[in-house]
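Geometric and topological summary
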Amino acid sequence: SIDNGDSEPEEALVEQARQVQAQLAENINQAKDLCNQESSVLTELASQLAKFQEKRQELLREIDELEDRQRISQGKIAMYQEEATQEIEIMSDLEEEMKQKVPRLKGTLSLYANTTGIKWDFTQTDILAGQVNVPSEKCFKLFSIDPRDYSPVETADMLWDLMEGKKLP
């Protein structure tokens, strides 16, 4: 025999169990939705991470290339500095040599000028110009000879003729 008095608490327990079961089902569904959302976010983050890793690798390769180029450039700089140092040394040596030659050349030019009686006009760059002392005529004669018009022998002969007092052609 079934007692009606006990059925009410049993039905209340069954109803309560259904409510708990419904609540659990709802909580499970919410948890699944949150899990799906988190899974979607994790998938997106994993995709972004993969892209960042790819970009990182690309940047690391670029850094390596730039470091290689920098090493090559530094090597060239060292080589060019060495070449420049050698050139400066050569120029310094030439300058010193010229400093020693200039007084000797001045002396030689002075000797030639006194011997030949020719005073050169060094302002003329492409022609031989100046004045020559002609002792037989007791005067100075101006001259201007374009060496491109005459051979070296003809030019020398013309200068000798001037020193002897002859006229130029």
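Here, the structure is the one placed above.
Worth saying up front: this structure is predicted, and the values here are computed from it rather than measured. (Residues numbered from 1 in each chain as written. Predicted model: local features only at pLDDT ≥ 70, side-chain atom pairs only at ≥ 80, totals over all residues. Heavy atoms only, no water.)

1. Some points on the overall build of the protein chain
Note the following rule: In this text, helices come from DSSP runs of H or I with a minimum length of four residues, and strands from runs of E with a minimum of two, each type numbered from the N-terminal end. Note on method: radius of gyration uses C-alpha positions; expected globular size equals 2.2 Å times residues raised to 0.38.
Broken down by element type, the protein chain carries 2 helices and 3 strands. Written out in order from the N terminus, the α and β elements of the protein chain read α-β-β-β-α. Against the 2.2 N^0.38 benchmark of 15 Å for 169 residues, the protein chain shows a C-alpha radius of gyration of 54 Å, more extended than a compact globule. Oriented by its inertia axes, the alpha-carbon framework of the protein chain measures out at about 175 × 35 × 25 Å.

2. Structural notes on helix 2 (residues 152–163)
The criterion, for reference: Given a helix with a known number of residues, its expected span is that number minus one, times 1.5 Å.
With 12 residues, helix 2 extends 17 Å between its outermost C-alpha atoms, agreeing within 8% with the 16 Å of an ideal straight helix rising 1.5 Å per residue. Positive backbone phi, at 90°, marks Gly-165, one or two positions downstream of helix 2.

3. Things to note about the nonpolar core
One broad trend across soluble globular proteins is that nonpolar side chains are buried collectively. Applied cut-off: By convention a nonpolar core is built from buried Ala, Val, Leu, Ile, Met, Phe, Trp, Tyr and Cys residues, the set being connected through side-chain atoms within 4.5 Å. Exposure classes here rest on a 1.4 Å probe applied to the protein chains alone. A residue is buried below 20% of its type maximum, exposed above 50%, and partly exposed in between. The contact rule is simple, with two residues in contact once any of their heavy atoms fall within 4.5 Å.
Judged by nonpolar contacts, Ile-118, Val-132, Val-134, Phe-143, Ile-145, Met-158, Leu-159, Leu-162 and Met-163 together constitute the single largest core of 9 residues. Of all the secondary structure elements, the ones that give two or more residues to this core are strand 2 (128–134), strand 3 (139–145) and helix 2. A total of 4 residues in this core trace back to one element, the largest contributor, which is helix 2. Apart from the residues within four sequence positions on either side, Met-163 is in contact with Thr-116, Ile-118, Val-132, Asn-133, Val-134 and Pro-135.

4. Details of the sheet that holds strand 2
Just so we agree on the cut-off: A strand pair is defined by DSSP finding two or more bridges across the two strands. Whenever a helix is involved, its axis is fitted only over the stretch in contact; in every case the axis is a line through C-alpha atoms, and angles between N-to-C directions fall within 0 to 180 degrees.
Spatial ordering of the open sheet is given by 1-2-3, a layout of 3 strands whose pairing is antiparallel. The open sheet is flanked by strand 1 (118–120) and strand 3, the only strands paired with a single partner. Going across the sheet, the axis of each strand differs from the next one's by a mean of 25°, ignoring polarity. As paired elements, strand 1 and strand 2 share 3 bridges and run antiparallel to each other. Along strand 2, the bridge assignment pairs Lys-119 with Gln-131.

5. Brief notes about a negative patch on the surface
The criterion, for reference: Each patch is built from residues that are more than 30% exposed by relative accessible area and take part in no salt bridge. Like charges join if they lie within 9 Å; nonpolar side chains (Val, Leu, Ile, Met, Phe, Trp, Tyr) join within 5 Å. Each accessible area value is a Shrake-Rupley result obtained with a 1.4 Å probe; residue values ignore everything except the protein chains displayed when judging cover. For salt bridges, the criterion is a side-chain nitrogen of Lys or Arg within 4 Å of an Asp or Glu carboxyl oxygen. Only four residue types enter the tally: Lys and Arg on the positive side, Asp and Glu on the negative side; His and the chain ends are excluded. For the purpose of locating charges, the reference atoms are NZ of Lys, CZ of Arg, CG of Asp and CD of Glu.
Taken together, the side chains of Glu-82, Glu-83, Glu-87, Glu-89, Asp-93 and Glu-96 make up a negatively charged region of the molecular surface. Secondary-structure assignment places Glu-83 in helix 1 (residues 4–116). With a relative accessible area of 40%, Glu-83 lands in the partly exposed category.

6. Things to note about the pairing of strand 3
Sheet analysis places strand 2 next to strand 3, joined by 7 bridges and oriented antiparallel. Within the sheet, the bridge partner assigned to Val-132 lies in strand 3 and is Lys-141.

7. Some thoughts on the pattern of salt bridges
Applying the stated criterion to the full structure yields 9 salt bridges. Taking the shortest distance from any N to any O, the salt bridge between Glu-97 and Lys-101 comes out at 3.3 Å. Separated by 4 residues within a single helix, Glu-97 and Lys-101 lie in helix 1, roughly one turn from each other. Taken together, the shared-partner salt bridges in this structure form one network comprising Asp-161, Glu-164 and Lys-166.

8. Here we look at the packing of aromatic side chains
Condition: Note on aromatic contacts: the rings of Phe and Tyr and the six-membered ring of Trp form a pair at centre separations within 6.5 Å, being stacked when their planes are under 30 degrees apart, edge-to-face when over 60 apart, and tilted otherwise.
Scanning the entire structure with this criterion turns up 1 aromatic pair. Each ring, one from Trp-120 and one from Phe-143, has its centre 5.7 Å from the other, and the planes form 80°; the classification is edge-to-face. Pair noted here: Trp-120 is in strand 1 and Phe-143 is in strand 3, with a separation of 23 residues, a long-range link. What makes Phe-143 buried here is its relative accessible area of 6%.

9. Some remarks on the side chain of Thr-155
Structurally, Thr-155 is set in helix 2. Residue Thr-155 is classed as buried on the basis of its relative accessible area of 8%. Excluding anything up to four places from it in sequence, Thr-155 contacts Leu-128, Ile-145, Pro-147 and Tyr-150.

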